[in-house]
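Examination of the molecular architecture
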Amino acid sequence: MQIERQESSIKYLPITLILLVFWFVFVYSNTDGIELVTQYMHYSVLGIVGAIFANSTGAGGGVIFIPAFNSLGFSVEQSLATSFAIQCFGMTTGAISWLHYYKQQQQHNWQQLPLMLTCLIPVSIAGLWTVEALNIRPIDNLEQSFSVFSIILGCALLVNHFKQSGKLTPSPQASFNVNKTELCILATITYLGGMITAWLSVGVGELIVIYLLLKRVEATLAVAVGVIVTAATVWSTAGLHFSASSDTYFSVVAVAAPGAVIGALLAKKLALFLPIKTLKLFFAAWIIFSGAAILIME
């Protein structure tokens, strides 16, 4: 067991080094140096918390980031761009972690993971870029849209939690066989989720996980799909949010990104070793509270 853990750590080392190199290049090319970065060190905690939530539940880190940035007076554009940039670090780390877990322990049980990822990743990216290319504006402003979406998401998670807790039904199957009809439905939901993500920096992961949980898919498989699809989706916008002309608050990203990497590594351990239902219940209540708080402040 110890040897396996050491081998796992060695396999993670190249990815970790690449992320660190990218981070240092990013810091020195987009900020006034390490002295400026130290003024924003407290944002590393925000990155850790956001990544833990995002990668242990499948929800994007924007659920944490957007309310925090709004309270700090960021513009809508700054909030979105900064949230996307931070998630490029945290969600990527989480996706790599879940893929490693799949290859090492779940290839037999998660046989349809490659099929779902192959179908859903392009669809999600297409949804996001439909909004970007056509410049489609959301129906309402960011704060209200995000609040309503958060409350709906939280309520859906709570209903799912109590519904499954109150019934003497068989446990979800680790092996999930998705037929063509279900795959089409899931692809449609994912496309809409990609559009929502373009507006709110969250959406696609949550919708995927909720649908899969309602179909009684194993929770960790549902989370893994949501995390990996979200990671690919946010990276499709890297050219926009890491450019010098973007609205990204680079000083915040510079310190929140390493925190997001740490949080993402911790998240999978939480999802695997702690009761996932307890985590879903806690975070669902938090999402509802945060969404309601933003509505009240409007």
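Remember, predicted model here, so these are calculated numbers, not experimental data.

This part covers helix α6 (residues 113–134). A turn of α-helix holds 3.6 residues, and therefore any two residues three or four places apart point the same way. With 22 residues, α6 extends 31 Å between its outermost C-alpha atoms, agreeing within 8% with the 32 Å of an ideal straight helix rising 1.5 Å per residue. All of the buried residues along α6 are Leu 113, Met 116, Leu 117, Leu 120, Ile 121, Ser 124, Gly 127, Leu 128, Thr 130 and Val 131. Residues of α6 that are buried sit in contact with α5 (76–106), α8 (180–200), α9 (204–214) and α10 (219–235). A positive phi of about 50 degrees marks Asn 135, the residue just after α6.

Computed from the structure, the second largest pocket encloses a volume of approximately 440 Å³. Looking at the lining of the second largest pocket element by element, the count peaks at 5 residues for α5. Its residues placed into classes, the lining of the second largest pocket shows 11 nonpolar, 6 polar and 4 charged.

Residue position: Glu 132 is located in helix α6. Taking the C-alpha atoms as reference points, Glu 132 and Thr 237, separated by 105 residues in sequence, lie 9.5 Å from one another.

Now for unusual backbone geometry. In the Ramachandran plot, Asn 135 falls in the positive-phi region, its phi being about 50 degrees despite a non-glycine side chain. Examined against the element boundaries, Asn 135 turns out to sit in the loop between α6 and α7 (142–165).

Cut-off values and rules
- Residues numbered from 1 in each chain as written.
- Predicted model: local features only at pLDDT ≥ 70, side-chain atom pairs only at ≥ 80, totals over all residues.
- Heavy atoms only, no water.
- Helix = DSSP H or I, 4+ residues; strand = E, 2+ residues; numbered from the N terminus.
- Expected span 1.5 Å × (residues − 1).
- Buried < 20%, exposed > 50% of the residue type's maximum accessible area, 1.4 Å probe, protein only.
- Contact = heavy atoms within 4.5 Å.
- 1 Å grid on protein atoms, 1.4 Å probe; cavity = no way out; pocket = protein on both sides within 12 Å on 5 of 7 lines; lining within 4 Å.
- Points joined across faces, edges and corners; volume = space filled by probe spheres on them.
- Nonpolar A, V, L, I, M, F, W, Y, C, P; charged D, E, K, R; others polar.

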